[in-house]
Amino acid sequence: MSLKDNLGIIVIIISFIFANLIFSKLYNDIWWDSSVYIGMGKYIYSSGKSGLWEESRPLILPLILGIGWKLNFNLVYFSRIVSVIFSILVILMTYKIGFKLFSKKIGLMAAFFIAFSYTFLFFSPNILTEIPSMLFVLLVFYFFLKNKFFLMGLFSGMAVMTRLFQIFTLIGLYLVFFAYFFRKSNFYKKLFFAIIGISIFIIPYFFLNYYLYNDILLPFKTQGHLTKTTGWMLYKEFWFYFNGLLKENYLLLFLFSIPFFLKRNYKFYALALAPLIYFVIFSIVKHKEMRFMLVILPFLYLLLSYCLYQIYARISYKRFGLALFFVMVGLWLTITFVSFKDIILFKSPQNEGFTYFQDFLKNNKGNIWISNPLYSLYSDSRIDGLLYFYSSENLIKFIDKNKDNVNIVLFNNCDIPCPPKELDSLCEESKKIIQGLLSKFTKVYQKEVNSCNYEIFKRTTY
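Scoring rules and cut-offs
- Residues numbered from 1 in each chain as written.
- Predicted model: local features only at pLDDT ≥ 70, side-chain atom pairs only at ≥ 80, totals over all residues.
- Heavy atoms only, no water.
- Disulfide = S-S within 2.5 Å.
- Helix = DSSP H or I, 4+ residues; strand = E, 2+ residues; numbered from the N terminus.
- Buried < 20%, exposed > 50% of the residue type's maximum accessible area, 1.4 Å probe, protein only.
- Axes fitted to C-alpha atoms, helices over the stretch in contact; angles between N-to-C directions.
- Parallel < 35°, antiparallel > 145°, perpendicular 65-115°, else oblique.
- Left-handed = near helix turned anticlockwise from the far one by under 90°.
- Contact = heavy atoms within 4.5 Å.
- Nonpolar A, V, L, I, M, F, W, Y, C, P; charged D, E, K, R; others polar.
- Pairing = 2+ DSSP bridges.
- Salt bridge = Lys/Arg side-chain N within 4 Å of Asp/Glu carboxyl O.
- Patch = residues over 30% accessible without salt bridge, like charges linked within 9 Å, V, L, I, M, F, W, Y side chains within 5 Å.
- Areas by Shrake-Rupley, 256 points an atom, 1.4 Å probe, with all protein chains shown as cover.
- Lys, Arg positive; Asp, Glu negative; His and termini not counted.
- Charge placed at Lys NZ, Arg CZ, Asp CG, Glu CD.
- Core = buried A, V, L, I, M, F, W, Y, C linked by side-chain atoms within 4.5 Å.
- Expected span 1.5 Å × (residues − 1).
- Polar contact = N/O pair within 3.5 Å; in protein donor to acceptor, adjacent residues only side chain to side chain.
- Phe/Tyr/Trp six-rings, centres within 6.5 Å; stacked < 30°, edge-to-face > 60°.
- Lys NZ or Arg CZ within 6 Å of the ring centre and 35° of its normal.

Undergrad: It is not clear to me how the state of the cysteines should be interpreted in this structure. Could you clarify?
TA: Working definition of a disulfide: a covalent bond connecting the sulfur atoms of two cysteines. Enumeration over the complete set of coordinates arrives at two disulfides. Disulfide pairing is shown between Cys414 and Cys452; the S-S distance is 2.2 Å. Given an S-S torsion of about -100°, the disulfide between Cys414 and Cys452 has left-handed geometry. A residue pair is termed long-range when its members are at least 10 positions apart, and Cys414 in the loop between strand 3 (408-412) and helix 19 (427-438) and Cys452 in strand 5 (residues 452-458) qualify at 38 residues. On the accessibility criterion, Cys452 (14% relative accessible area) is buried. When the bonded cysteines of the protein chain are counted from the start of the sequence, the pairing works out to 1-4, 2-3.

This is the structure we're talking about:
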């Protein structure tokens with residue numbers, strides 16, 4: 001296809017990159033989870049000599065980010081660029097799906113909506129699994145539309161191996177796959193190819209889990225436990241995502257017109273059912289964050305664009321309808337950009353304790369325990385103990401088993417807040433055990449910042 005044929009999507013992507021460059025300069029924060037993926041990348045490519053390891057995390061993003069560390073790039077900049085590239089590909093795939101399923105205009109409209117949604121724009125330079133796994137989910141759907149079931153299965157495995165929770169995004173699509181193709185010819189052949197594709201990533205992952213942990217399901221079990229006992233500060237009401245999506249784009253109200261414009265084919269049903277099931281499941285889960293909705297935004301915007309186009313086609317006064325559309329979109333864009341005011345106004349305070357921790361780990365090695373993965377972000381030291389990661393029961397066991405090996409402990413009392421007792425009854429006891437261990441070490445640094453006590457302890461004799 002010619003440049004002229006693709007001019008619309010090219011303009012959208014260039015505008016997205018430009019907006020990203022502007023807004024990404026307004027904040028430099030690296031998220032807790034981002035530092036974990038970077039640390040795991042170091043761990044993988046150093047064969048365990050650097051970085052850190054969390055068994056609950058899937059491996060695809062650390063494998064990608066670790067390449068930057070291996071090539072001696074600035075790992076934060078490299079990781080941000082990787083995240084933006086994934087975001088651009090999400091925009092492109094949204095366009096391609098809309099083009100194939102509906103029309104070029106609907107594809108462009110959906111790509112425009114996703115590119116300038118606040119949550120998507122905000123998280124596009126962040127180093128998290130939501131957007132990379134989002135791309136793989138879109139590829140699953142794209143190859144489902146093209147009846148290429150091996151590739152559908154392959155990218156299903158990649159999506160889950162990038163973010164375990166993406167299995168819930170795929171439920172709706174696979175329900176439609178079974179419902180539509182079960183009575184068709186060659187169903188089992190299609191299913192076989194899909195299973196083979198999924199197995200390429202899932203089976204080796206199970207073997208690796210058995211080799212590392214003697215339990216093929218340990219990452220899933222750990223993630224399930226963490227879901228129940230962490231994030232309690234972000235518990236929200238059932239309607240949180242409904243309200244959040246309307247704040248994201250008030251035009252999503254037009255989705256209520258879908259019953260009037262239903263396309264009676266299995267591909268449309270899959271497009272509608274995938275986000276609906278995911279939305280219901282995550283609305284039931286107590287821990288809620290808008291970034292968890294990122295994966296269904298392309299589906300919602302494809303449906304929204306289709307509904308808006310159908311409404312426009314039925315309006316007698318086309319110029320009025322088009323003018324009204326541009327006014328509504330202009331208002332939405334204004335709301336999106338104004339939403340960044342909190343980032344513009346917020347200035348991260350200089351934290352002497354935090355920066356000292358990061359500088360300290362650049363020049364110290366040994367058996368190191370930390371209470372926050374961000375402390376090791378710029379260090380090539382190996383981290384042996386993650387005091388924040390374990391349940392209190394397992395933390396107590398870990399300390400008891402490894403207390404004679406540790407040389408250095410970086411501890412901040414604010415990093416491990418205790419949840420309500422009904423979620424973790426042993427938290428206070430585990431903190432007492434930590435303090436009892438630290439009392440036997442030499443304190444080499446202490447700084448209190450905003451009631452948080454930053455302390456570094458070293459064993460005096462080895």
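Undergrad: What exactly am I supposed to notice about the packing of helix 5 (residues 104-115) against helix 14 (residues 297-313) here?
TA: The relative placement of two packed helices is expressed as an angle between their axes plus a distance between the axes. Taken N-terminus to C-terminus, the directions of helix 5 and helix 14 make an angle of 130°; their axes are 8 Å apart at the nearest point. Viewed along their axes, helix 5 and helix 14 adopt a mutual orientation that is oblique. Classified by chirality, the crossing of helix 14 by helix 5 is right-handed. Every residue of helix 14 that contacts helix 5 at Lys105, Ile106, Met109, Ala110, Phe113 and Ile114 is listed here: Leu297, Pro298, Tyr301, Leu302, Leu304, Ser305, Tyr306, Leu308 and Tyr309. Taken together, the residues that form the contact of helix 5 with helix 14 break down as 13 nonpolar, one polar and one charged.

Undergrad: Where do I start with the pairing of strand 5 in this structure?
TA: Regular strands place their side chains on alternate faces of the sheet. Taken across its seven residues, strand 5 has six buried, putting it largely inside the fold. Two strands pair when backbone bridges link them, and strand 3 and strand 5 are joined in this way by five bridges, in the antiparallel orientation. If you follow Phe411 over to strand 5, its bridge partner there is Glu455. Of the pairings in the sheet, the one linking strand 4 (residues 442-449) to strand 5 comprises seven bridges and is antiparallel in character. Its bridge partner lying in strand 5, Lys443 is registered against Phe457.

Undergrad: In this structure, what is going on with the side chain of Ser83? I would like to understand it.
TA: One can find Ser83 in helix 4 (residues 75-101). On the basis of relative accessibility, which here comes to 4%, the residue Ser83 falls in the buried class. Dropping the residues within four chain positions of it, Ser83 is found in contact with Ser124, Pro125, Asn126, Ile127 and Ile131.

Undergrad: Explain helix 3 (residues 60-70) here, please?
TA: In an α-helix there are 3.6 residues to a turn, and that puts residues three or four apart on one side. Turning to helix 3, its buried residues are Ile60, Leu61, Pro62, Leu65, Gly66, Gly68 and Trp69. Buried residues belonging to helix 3 abut helix 2 (32-45), helix 4, helix 7 (130-145), helix 8 (149-162) and helix 10 (187-213). Following helix 3 by one or two positions, Asn72 has its phi on the positive side, about 65°.

Undergrad: When you look at the pattern of salt bridges in this model, what are you seeing that I'm missing?
TA: Pairing between side chains of opposite charge can happen when their charged atoms approach one another. For the structure shown, the criterion picks out 13 salt bridges. In this structure, Asp33 and Arg57 form a salt bridge, with 3.1 Å as the shortest nitrogen-oxygen distance. Taken together, the residues span a long stretch of sequence, with Asp33 in helix 2 and Arg57 in the loop between helix 2 and helix 3 at a distance of 24 residues. A relative accessible area of 18% places Asp33 in the buried class. For Arg57, a relative accessible area of 13% gives the class buried. The residue Asp384 makes a salt bridge to Arg382 at a minimum N-O spacing of 2.7 Å. In this structure Asp384 comes out as partly exposed when scored by relative accessible area, which is 24%. Here the residues in one salt-bridge network are Asp33, Glu54, Arg57, Glu130, Arg163, Glu289 and Arg291, joined through shared partners.

Undergrad: Mind showing me how you'd approach the sheet that holds strand 1 (residues 368-370) here?
TA: Spatial strand order, 2-1-3-5-4: five strands in an open sheet with mixed pairing. Only two strands of the sheet have a single partner each, and these edge strands are strand 2 (383-386) and strand 4. Shown here is a sheet whose adjacent strand axes are inclined to one another by a mean of 15°, direction ignored. Contacts from helix 17 (residues 352-362) reach strand 1, strand 2, strand 3, strand 4 and strand 5, with the element oriented near 25° to strand 5. The strands touched by helix 19 within the sheet are strand 1, strand 3 and strand 5, with strand 3 carrying the most contacts at an inclination of about 135°.

Undergrad: What is the right way to read a nonpolar patch on the surface from this model?
TA: A surface patch of nonpolar side chains, about 520 Å² in accessible area, is lined by Phe238, Trp239, Leu276, Val280 and Ile284. Position of Val280 relative to the elements: it lies in helix 13 (residues 266-284). By relative accessible area, which is 37% here, Val280 ends up partly exposed.

Undergrad: Where do I start with a positive patch on the surface in this structure?
TA: Taken together, Lys96, Lys100, Lys146 and Lys148 make up a surface patch of like positive charges. The partly exposed category is assigned to Lys146, whose relative accessible area is 32%.

Undergrad: Can you walk me through the nonpolar core in this structure?
TA: If you look at soluble globular proteins, the nonpolar side chains tend to sit buried side by side. Judged by nonpolar contacts, the single largest core of 149 residues is most densely connected at Ile91, Phe141, Phe144, Met152 and Leu410. Apart from the residues within four sequence positions on either side, Phe144 is in contact with Met152, Leu173, Val176, Phe177, Phe181, Tyr266, Lys267 and Ala270.

Undergrad: In this structure, what is going on with helix 13? I would like to understand it.
TA: Taking 1.5 Å of rise per residue, the 19 residues of helix 13 would be expected to cover 27 Å, and the 27 Å separating its terminal C-alpha atoms lies within 8% of that figure. Those residues of helix 13 that are buried lie in contact with helix 4, helix 7, helix 9 (167-181), helix 12 (240-248) and helix 14. Between the side-chain oxygen of the N-cap and the backbone nitrogen of Lys267 there are 3.1 Å, and the N-cap of helix 13 in question is Asn265.

Undergrad: Just checking my understanding: could you explain the packing of aromatic side chains for this structure?
TA: Centre-to-centre distance and the angle between the planes together describe a pair of aromatic rings. Taken as a whole and assessed by the stated rule, the structure comprises 57 aromatic pairs. Relative to Phe193, the ring of Phe192 lies with its centre 5.9 Å away and its plane at 65°, an arrangement referred to as edge-to-face. The side chain of Lys318 reaches across the aromatic face of Tyr312, ending 4.9 Å from its centre.

Undergrad: What should I look at first to understand the environment of Cys427 in this one?
TA: With respect to the helices and strands, the residue Cys427 is situated in helix 19. Cys427 sits in the buried class, given a relative accessible area of 5%. Remark: the alpha-carbon pair of Cys427 and Glu393, spanning 34 residues in sequence, is separated by 8.1 Å. Residue contacts for Cys427: discarding those within four places in its chain leaves Ser392, Cys418 and Pro419.

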